[in-house]
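The primary structure of each chain is shown beneath.
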Amino acid sequence: PGRRFGGGAAGGGTGGGQVLESYEKQKRFITDAGHELKTPLAVLSATAELLSGDMAQDKRAHYLDVIQQQAQRMDGSMRRMLELSRLETGAKALRREQVPLSPLVRERLDAAVPPDSRLHTSVIVDGTDTAEADRALLARALDAILENAVQHTPPDGSITVRIEKGVCAVVN
């Protein structure tokens, strides 16, 4: 299920509805945290086990780099989840503004595709090129979607982002 932002208390504003909604948000946060941390923790565990054996110094340096990357990944995941949690509870306000989409999409697409990649990318604009949004959160959402597209597109494949009426769609 997708994340919901804002919204009132469940149950028509009764105290019980608010407790139930709070419980559901907490449950969703814990589930999301578990899913986000599961893979990096597995990689960390396997890499640490490899480091316990004898190996060449260059391999040891590589595995230490993998550990650092996975620790940064977990830290980033936790920061994003905590920020979303603060948004959902109203502890942090959205900073809405008119955001030009095509320059932001191109910037995030360029950041997601490795420089040595053979992927073909394009951004197609049809109609409105702006959206009212929190630019930083929109950039993070684009990063997640585009990184996923890069990971799941064949090496010589293509990723197209279509912007139409202020809405972005990613096709790979």
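Before any of the text, the structure's been laid out above.
Residues numbered from 1 in each chain as written. Predicted model: local features only at pLDDT ≥ 70, side-chain atom pairs only at ≥ 80, totals over all residues. Heavy atoms only, no water.

Notes on the pattern of salt bridges
Counted by the stated rule, this structure contains 5 salt bridges. A salt bridge links Asp110 to Arg106, with the shortest nitrogen-to-oxygen separation between them at 3.2 Å. Of the two residues, Asp110 and Arg106 are both situated in helix α3 (residues 101-112); the distance of 4 residues between them amounts to about one turn of the helix. Residue Asp110 is classed as partly exposed on the basis of its relative accessible area of 47%. Across the pair Arg118 and Asp156 runs a salt bridge, and its minimum N-O distance is 2.7 Å. In this pair, Arg118 is assigned in the loop between α3 and β2 (120-126) and Asp156 in the loop between α4 (135-151) and β4 (158-164), connecting sequence segments 38 residues apart. Among the charged side chains, a network of salt bridges with common partners joins Glu107, Arg108, Arg135 and Asp143. (Salt bridge = Lys/Arg side-chain N within 4 Å of Asp/Glu carboxyl O. Helix = DSSP H or I, 4+ residues; strand = E, 2+ residues; numbered from the N terminus. Buried < 20%, exposed > 50% of the residue type's maximum accessible area, 1.4 Å probe, protein only.)

Let's talk about the sheet that holds β4
What links the strands of a sheet is backbone hydrogen bonding, and the strands pair in either a parallel or an antiparallel sense. Spatially, 3 strands are ordered β2-β4-β5 in an open sheet, and the strand pairing comes out mixed. Each of the sheet's edge strands pairs with one partner strand only, and the pair in question is β2 and β5 (167-171). This sheet shows a mean twist of 15 degrees between the axes of neighbouring strands, independent of strand direction. As defined by bridge partners, β2 adjoins β4 across 7 bridges and the pair is classed as parallel. Counterpart to Ser122 in the pairing with β4 is Thr160. The sheet contacts of α3 involve β2, β4 and β5, and relative to β2 the element is tilted by about 170 degrees. (Pairing = 2+ DSSP bridges. Axes fitted to C-alpha atoms, helices over the stretch in contact; angles between N-to-C directions. Contact = heavy atoms within 4.5 Å.)

A closer look at α3
Taking 1.5 Å of rise per residue, the 12 residues of α3 would be expected to cover 16 Å, and the 16 Å separating its terminal C-alpha atoms lies within 8% of that figure. For α3, every residue scored as buried is listed here: Leu101, Leu104, Val105, Arg108, Leu109 and Ala112. Axial view of α3: buried residues confined to an arc of 130 degrees, hence all on one face. Close packing links the buried residues of α3 with β1 (96-100), β2, β3 (130-134), α4, β4 and β5. (Expected span 1.5 Å × (residues − 1). Arc of directions from axis to C-beta.)

So, unusual backbone geometry
The backbone of Lys165 sits at a positive phi, close to 55 degrees, despite the residue not being glycine. With respect to the helices and strands, Lys165 occurs in the loop between β4 and β5.

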